[in-house]
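A structural walkthrough
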Amino acid sequence: FKASNVRLMKGDYTKPSNEIREFLEENNRYAIPFNAFYSKHYPNGILLPELLKKESVLSALAKVEKKGK
């Protein structure tokens, strides 16, 4: 992630949070984990599946990097 200038962000949903619940609902997700890549070319994010696979992460990262060039 460092080589691609990816900034990691984490939300703590161990305690009830209306802000996080609303964010999940806006993205048509109702559970965690929630993973996505955001960039200026993908302001709404590239949403990743709840069950992450290496291929899903690498594919989303490649899309972000390709648009950034």
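So, about the confidence of the model for the protein. Of all residues in the protein, 97% attain a pLDDT of 70 or more, and the chain-wide mean is 88. Within the protein, the element-level pLDDT minimum falls on helix H2 (residues 54–68), averaging 88, and the maximum on helix H1 (residues 18–26), averaging 93.

As a further point, take the nonpolar core. The nonpolar side chains of soluble globular proteins are, as a tendency, buried together. One finds Phe37, Ile46, Leu48, Val57, Ala60, Leu61 and Val64 forming the largest nonpolar core, which totals seven residues. If you tally residues by element for this core, the top one is H2, at four residues. Each residue touching Val57, except ones within four places of it in the same chain, is listed here: Phe1, Phe37, Leu48 and Leu52.

Turning to its location among the elements, Arg29 is positioned in the loop between H1 and strand E1 (36–39). The class of Arg29 is buried, set by a relative accessible area of 14%. Leaving out residues up to four positions away in the same chain, Arg29 has contacts with Leu24, Phe34, Leu47, Leu48 and Glu50.

Calculation rules
Residues numbered from 1 in each chain as written. Predicted model: local features only at pLDDT ≥ 70, side-chain atom pairs only at ≥ 80, totals over all residues. Heavy atoms only, no water. pLDDT = per-residue confidence, 0-100. Helix = DSSP H or I, 4+ residues; strand = E, 2+ residues; numbered from the N terminus. Core = buried A, V, L, I, M, F, W, Y, C linked by side-chain atoms within 4.5 Å. Buried < 20%, exposed > 50% of the residue type's maximum accessible area, 1.4 Å probe, protein only. Contact = heavy atoms within 4.5 Å.

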